[in-house]
Each structure stands twice: as C-alpha cells, then as structure tokens.
Amino acid sequence: MFCLFANAQPQQVEARFLQDYYYLGNGMDLKSDVNYFVIANRKEFKKLFGVTHRPDTPDFSKEIMLAIIMKQTKWNASVNMNKVCMKAGGFIEVYCDLDEGRHQLTYKTYPLKVCIIPRYPSVTKVNFYNNWKMRLLASVPVK
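Scoring rules and cut-offs
- For every chain, the first residue of the written sequence is number 1, and numbering continues from 1 along that sequence.
- Note on the predicted model: pLDDT of at least 70 is required for a residue's local features to be given, and 80 or more for side-chain atom pairs to be given and counted; whole-chain, interface and lining totals, by contrast, use all residues.
- Excluded from the side-chain calculation are hydrogens and water; included are all heavy atoms of the structure.
- Put simply, a salt bridge is a Lys or Arg side-chain nitrogen that is within 4 Å of an Asp or Glu carboxyl oxygen.
- Runs of E in the DSSP output that reach at least two residues are strands. Runs of H or I that reach at least four are helices, and both are numbered from the N terminus.
- Buried means the residue's accessible area, taken with a 1.4 Å probe over protein chains only, is under 20% of the maximum for its type, while exposed means over 50%, and partly exposed covers the values in between.
- The nonpolar core is taken to be a set of buried Ala, Val, Leu, Ile, Met, Phe, Trp, Tyr and Cys residues, with the residues joined through side-chain atoms within 4.5 Å.
- pLDDT is a per-residue confidence score from the predictor, ranging from 0 to 100.

Observations regarding the pattern of salt bridges
According to the stated counting rule, one finds four salt bridges in the structure shown. A salt bridge links glutamate 63 to arginine 16, with the nearest nitrogen and oxygen atoms 3.3 Å apart. Separated by 47 residues along the polypeptide, glutamate 63 in strand β4 (residues 63–70) and arginine 16 in strand β2 (residues 16–18) bring together distant segments of the chain. What makes glutamate 63 buried here is its relative accessible area of 17%. Between aspartate 56 and arginine 54 there is a salt bridge, and its shortest N-O distance comes to 2.8 Å.

Side note on the nonpolar core
General note: in soluble globular proteins, nonpolar side chains tend to be found buried as a group. Membership of the largest hydrophobic core comes to 24 residues, with the highest contact counts inside it found for Tyr36, Leu66, Ile68, Ile92, Val94 and Ile117. Contributing elements (two or more residues each) for this core: β3 (34–39), β4, β6 (78–87), β7 (91–99), β9 (112–118), β10 (125–130) and β11 (136–141). Counting residues in each nonpolar core, the second largest holds 16 residues, with Leu18, Phe49, Ala67 and Ile116 among its members.

Description of the environment of tyrosine 22
Of note, tyrosine 22 is situated in the loop between β2 and β3. What makes tyrosine 22 exposed here is its relative accessible area of 59%. With 91 residues separating them along the chain, tyrosine 22 and lysine 113 place their C-alpha atoms 9.5 Å apart.

Focus on the confidence of the model for the protein chain
Averaged over every residue, the pLDDT of the protein chain is 85; residues scoring 70 or more account for 89%. At the level of individual helices and strands, the protein chain shows its lowest average pLDDT in helix α1 (residues 2–8), which scores 52, and its highest in β9, which scores 93.

Right under this line is the structure:
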C-alpha cells in the first residue's frame, strides 16, 4: 500500500537556475501582467534574449528553458521559482512567488527568472502555480 502511494507523489525535476539573463523582446509584446514561457528551441530563445554564446545556454536537443517575465516596471518587483516537479509524467509543475514591489526605482526593469530542465518526451505542458495559494497561474504547452 505504501509503495503505491509513494509512486503517485510528484517527483523532483533537476532544475538549473540561471543568473544575469535580460529580456530583449525583439518584436515581442508582453501581456500587462506576468508572462510564462516554455522555450524549446533556439529561435524562441533568440526572440526573448537575443544572440548569445554563454556557456550556460541550454542545449535544446536535451533541455528546455522555463521563463517567467513581468512587464516593464519601475518598482522593485521580483519573480522566483521555488520548486519544479513532475506529476504523473504528463506535465511539469512549477511553483513560483511573484512580488510586484513596494519601493519605486529610478530606472525601468523587466523582472524575470529562468531555469533549464531536462527534456522529457512524455511531458506535453508546464503548469505554473502560485506557491502560497496553490492556484494555477498558467498552463503552457511544450512545443
């Protein structure tokens, strides 16, 4: 009985969080709230972040990139991904915190958080949840 229960629990996914990525958005308009992306190829990556030769750039044949980007703001807003896990093999759950900020800055910024996870052939979508209220924020298909 306990073995069956343990297999039904979400499994932790190895996530590699990346630092110092900046949204360029060449020709892309963001929604007025929070934007969720599942980047599965180099073309999509270039649209968001431009051309780069960084050593931590994902290998899209084996990995996909998850990105959360807020609309441009002058507030000290922040985005964080707390946990990435897979449930039942069909989708990946990402639990995140969103803070719209409490103090105004002297410049404009795009708050964002990106991570790289392994590509799973059985995964068809990524669900982003609010970490505290456990409410579904967005469901994005994996292309």
